[in-house]
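Descriptive structure summary
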Amino acid sequence: MKVLLAGRFDAGEREAWLRHLGAAMPEAQWMGLAEARAQAHEIQAAVVANPPPGSLQGLPNLRLIQSLWAGVDRLLADATLPTRVPLARMVDPAMTAAMAETALWAVLSLHRGFFDYQQQQREGVWRELAQRRADEVRVLILGQGELGRAVASRLAAQAYAVAGWRRDGSELAPKLAQADIVVNLLPLTPATRGLLDAGFFATLPPGASVVNLARGAHVVDDDLLDALDRGRLHRAVLDVFHTEPLPAAHPFWRHPKVTMLPHAAALTDPRSAAAVAVANLRSARDGTAMAHLVDRGRQY
Ligand code: GLV
């Protein structure tokens, strides 16, 4: 089986992927864009990590596009992406575990005031803050896919009062009104873009906090800044941004109520994800059912 491996990889990343994919599927031939173009008719699958737009055109015998990213919004934004070819999201157990850890860190730090203590230290302030129990903290998880469910169960195991919401489920507003911390793990689709806007923040109880681990475009940045500056929201923990890396002049960088990560809440781990990708490649080759396929209608 000839497989295209395409994407924007950092130094060493492509080699790591090739090593792990090659070990998991030694019978496959892995190739880059130029090589794949030269034998376009023989390419049966593509394994991609944010490839340049247009990369997947002109491969008439493609049977599977396997994303190495959990979120496929960027792939779907490429108008040249062939619509007849099945597209699979990455569901990597190591990434799921890492996401649960990051969510736990953010929620625990918000709940126990650790970000506030950090700020107090910078300001030379010695002051105890009220100490709530975990079961007194209501956490709403937006999104109930692999990641949302893993985060919910990790937080529930720590005694947090966890509720979940999915877009085609119940009403959002009553759930927001009952949330001290919101953790966003929704897929980015036209229906969820800009969901975290002024109306959303105004529906949360005063002093609530927001954790965005999904996509920057879920948030209306100016509305978030306004809610923080007016004291309507207590804090925001942000891993993802409209433009990444976040431009140096963006107010989030230096905002005292914003804690940032550089889109590093949960990285796909080639050691485990290669096996996940290869299982799907074998299914594509053998004509058996593939896992984690994207519904093009729903866009995730
Ligand atoms: C990361 O954001 C991913 O979609 O894998």
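Residues numbered from 1 in each chain as written. Predicted model: local features only at pLDDT ≥ 70, side-chain atom pairs only at ≥ 80, totals over all residues. Heavy atoms only, no water.

**Describing the domain arrangement of the chain**
Along its sequence, the chain is carved into domain 1 (2-92 + 268-286) and domain 2 (94-260). Each of domain 1 and domain 2 has a C-alpha centre, and these two points are 32 Å apart. With nine residues of domain 1 at the interface, the matching set in domain 2 holds six residues. Taken over both partners, the interface formed by domain 1 and domain 2 buries close to 700 Å², and the fraction arising from carbon and sulfur atoms is 53%. Inspection of the domain 1/domain 2 interface yields one salt bridge. Note that R215 and D73 form a salt bridge whose closest N and O atoms lie 3.0 Å from each other. At the boundary of domain 1 with domain 2, the tally comes to four residue pairs in polar contact (both at pLDDT 80 or more). Partitioning the side of domain 1 that touches domain 2 into residue classes produces three nonpolar, three polar and three charged. (Domains from an automatic or database assignment. Contact = heavy atoms within 4.5 Å. Buried area = accessible area lost by both parts, 1.4 Å probe. Salt bridge = Lys/Arg side-chain N within 4 Å of Asp/Glu carboxyl O. Polar contact = N/O pair within 3.5 Å; in protein donor to acceptor, adjacent residues only side chain to side chain. Nonpolar A, V, L, I, M, F, W, Y, C, P; charged D, E, K, R; others polar.)

**Observations regarding the site of the ligand**
Residues in close proximity to the ligand include W69, A70, G71, M95, R215 and H263, which together make up its full environment. One nitrogen or oxygen atom from the main chain of A70 is found 2.7 Å from an oxygen atom belonging to the ligand. Side-chain polar atom of R215 to an oxygen atom of the ligand: 2.7 Å apart, as the coordinates give it. Class assignment for the residues of the shell around the ligand results in three nonpolar, two polar and one charged. (Near = heavy atom within 4 Å.)

**Thoughts on the packing of aromatic side chains**
The tally for this structure, following the rule as stated, stands at three aromatic pairs. Between the aromatic rings of F241 and F252, the centroid separation amounts to 6.2 Å while the plane-to-plane angle is 55°, which identifies the pairing as tilted. Of this pair, F241 sits in the loop between β10 (233-238) and β11 (258-260) while F252 sits in the loop between β10 and β11, and the two are eleven residues apart along the sequence. Note on F252: relative accessible area 2%, which makes it buried. Across from the ring centre of W69, 5.9 Å away, lies the NZ or CZ of R74, which sits over that ring. One Lys or Arg, R298, reaches over the ring of Y300 and ends 4.3 Å from the middle of that ring. (Phe/Tyr/Trp six-rings, centres within 6.5 Å; stacked < 30°, edge-to-face > 60°. Helix = DSSP H or I, 4+ residues; strand = E, 2+ residues; numbered from the N terminus. Buried < 20%, exposed > 50% of the residue type's maximum accessible area, 1.4 Å probe, protein only. Lys NZ or Arg CZ within 6 Å of the ring centre and 35° of its normal.)

**Quick notes on helix α9 (residues 221-229)**
Considered for burial, the residues of α9 that qualify are D221, L224, L225, A227 and L228. Seen end-on, α9 carries its buried residues on one side only, within an arc spanning 165°. Projecting away from the buried face of α9 at angles above 90 degrees are the exposed residues D222 and D229. Looking at the buried positions of α9, the neighbouring elements they touch are α8 (198-203), β10 and β11. G231 lies just past α9 and shows a positive phi near 80°. (Arc of directions from axis to C-beta.)

**Looking at the side chain of D269**
Summarising the element assignment, D269 is placed in the loop between β11 and α10 (270-286). Here D269 is in contact with W17, D92 and A94, once residues within four sequence places are set aside.

**Considerations on the sheet that holds strand β5 (residues 87-88)**
Judged by pairing direction, the sheet is parallel, and its five strands sit side by side in the order β2-β1-β3-β4-β5 without closing on themselves. With one partner strand each, in any of the chains shown, β2 (29-31) and β5 form the two edges of the open sheet. As judged from the six bridges shared by strand β1 (residues 2-7) and strand β3 (residues 43-49), these two strands associate in the parallel manner. Within β3, the position partnered with G7 by the bridge is A49. The strands that α10 touches are β1, β2, β3, β4 (64-67) and β5; relative to β4, the one it contacts most, it runs at about 175°. (Pairing = 2+ DSSP bridges. Axes fitted to C-alpha atoms, helices over the stretch in contact; angles between N-to-C directions.)

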